[in-house]
Amino acid sequence: MPALADMDWAGWGLFGLVATAALTAALITAQLAGLTRLDLPLVLGTLVTEDPDRARVVGFFIHLGAGQGFALGYALTFALLHRATWWIGALLGLLHVGIALTVLLPLLPGVHPRMASQRAGLTSTAVLEPPGVLAVNYGVQTPAVAVVIHVIYGIVLGLLLQAD
């Protein structure tokens, strides 16, 4: 496949981590500013452990792995297009967040052992609330925060991967 031969594998390996770190830093900043209650490391980590402190550590590494997986998709797209730019990265970030908010997060209560569903009712023993439509259960500004941090992620990848 010609696109695979053109792909910047070393750039993907390093810059995927950089972009995920930028996304995570922006999300933590938004949490500290009171703009959202979405805590991705906690949500992801509680897939495997119920202890919140351990869950945040485990979830951080799950999040890094997921960030690398998405960065691979971005890098492949850049290779297929034979160019990487900040604005293509931003557009990919919009696509990414659109899928995350409308498909991935709404499916999460169906597979997450510690997350309630919208239909769980009073008998639920889940410790995490479901994200709700566009993740608004984590705050009404959460969709806007999610858009901004994913666009940042795409821009970082677009800028860093264009330098080859």
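All of the points below concern the structure found in this document. The structure displayed is predicted, hence computed values, not measured ones.

1. Thoughts on the overall build of the protein
Part 1 of the reasoning: A count of helices and strands for the protein gives six helices and zero strands.
Part 2 of the reasoning: Of the regular secondary structure in the protein, the N- to C-terminal order runs α-α-α-α-α-α.
Part 3 of the reasoning: Taken over the C-alpha trace, the protein has a radius of gyration of 17 Å; the compact-globule value for 164 residues is 15 Å, and the two agree within 12%.
Part 4 of the reasoning: If you line up the protein on its principal axes, its C-alpha atoms span 55 × 30 × 30 Å.
Part 5 of the reasoning: The buried share of the protein, reckoned over its 164 residues, is 43%.
Part 6 of the reasoning: Surface accessibility of the protein: about 8800 Å² in total, with carbon and sulfur atoms responsible for 71%.

2. Looking at the pattern of salt bridges
Part 1 of the reasoning: Taken as a whole and judged by the stated rule, the model has two salt bridges.
Part 2 of the reasoning: Of the charged contacts in the structure, one is a salt bridge between E129 and R37, with a shortest N-O distance of 2.8 Å. Residue E129 is located in the loop between α5 (86-111) and α6 (142-161), and its partner R37 is located in the loop between α2 (9-32) and α3 (40-45); the two are separated by 92 residues in the primary sequence.
Part 3 of the reasoning: A salt bridge links D39 to R56; the shortest N-O distance between them is 2.8 Å. Residue D39 is located in the loop between α2 and α3, and its partner R56 is located in helix α4 (residues 52-81); the two are separated by 17 residues in the primary sequence.
Part 4 of the reasoning: Residue D39 is classed as buried on the basis of its relative accessible area, which comes to 13%.
Part 5 of the reasoning: R56 gets classed as partly exposed once you look at its relative accessible area, which sits at 38%.

3. Here we look at the nonpolar core
Part 1 of the reasoning: Ranked by size, the top nonpolar core spans 35 residues in total, and within it F78, Y153, L157 and L161 carry the most contacts.
Part 2 of the reasoning: Among the secondary structure elements, those contributing two or more residues to this core are α2, α3, α4, α5 and α6.
Part 3 of the reasoning: If you tally residues by element for this core, the top one is α6, at seven residues.
Part 4 of the reasoning: With sequence-adjacent residues up to four places away left out, F78 is seen in contact with R83, A84, T85, I88, G89, L92, L157, G158 and L161.

4. Things to note about the packing of α2 against α4
Part 1 of the reasoning: Following both chains from N to C, one finds α2 and α4 inclined at 125°, their axes separated by 8 Å at the closest point. Looking at the two axes, α2 sits oblique to α4. Helix-helix and strand crossings are classified by hand; for α2 and α4 the assignment is right-handed. In this structure, α2 contributes W9, W12, G13, G16, L17, T20, L23 and T24 to the contact, and α4 contributes H63, L64, G67, Q68, A71, L72 and A75.
Part 2 of the reasoning: Class assignment for the residues of the contact of α2 with α4 results in eight nonpolar, seven polar and no charged.

About the cut-offs
Residues numbered from 1 in each chain as written. Predicted model: local features only at pLDDT ≥ 70, side-chain atom pairs only at ≥ 80, totals over all residues. Heavy atoms only, no water. Helix = DSSP H or I, 4+ residues; strand = E, 2+ residues; numbered from the N terminus. Rg over C-alpha atoms; globule rule 2.2 N^0.38 Å. Buried < 20%, exposed > 50% of the residue type's maximum accessible area, 1.4 Å probe, protein only. Areas by Shrake-Rupley, 256 points an atom, 1.4 Å probe, with all protein chains shown as cover. Salt bridge = Lys/Arg side-chain N within 4 Å of Asp/Glu carboxyl O. Core = buried A, V, L, I, M, F, W, Y, C linked by side-chain atoms within 4.5 Å. Contact = heavy atoms within 4.5 Å. Axes fitted to C-alpha atoms, helices over the stretch in contact; angles between N-to-C directions. Parallel < 35°, antiparallel > 145°, perpendicular 65-115°, else oblique. Left-handed = near helix turned anticlockwise from the far one by under 90°. Nonpolar A, V, L, I, M, F, W, Y, C, P; charged D, E, K, R; others polar.

By themselves, these figures tell us nothing about what the structure is for.
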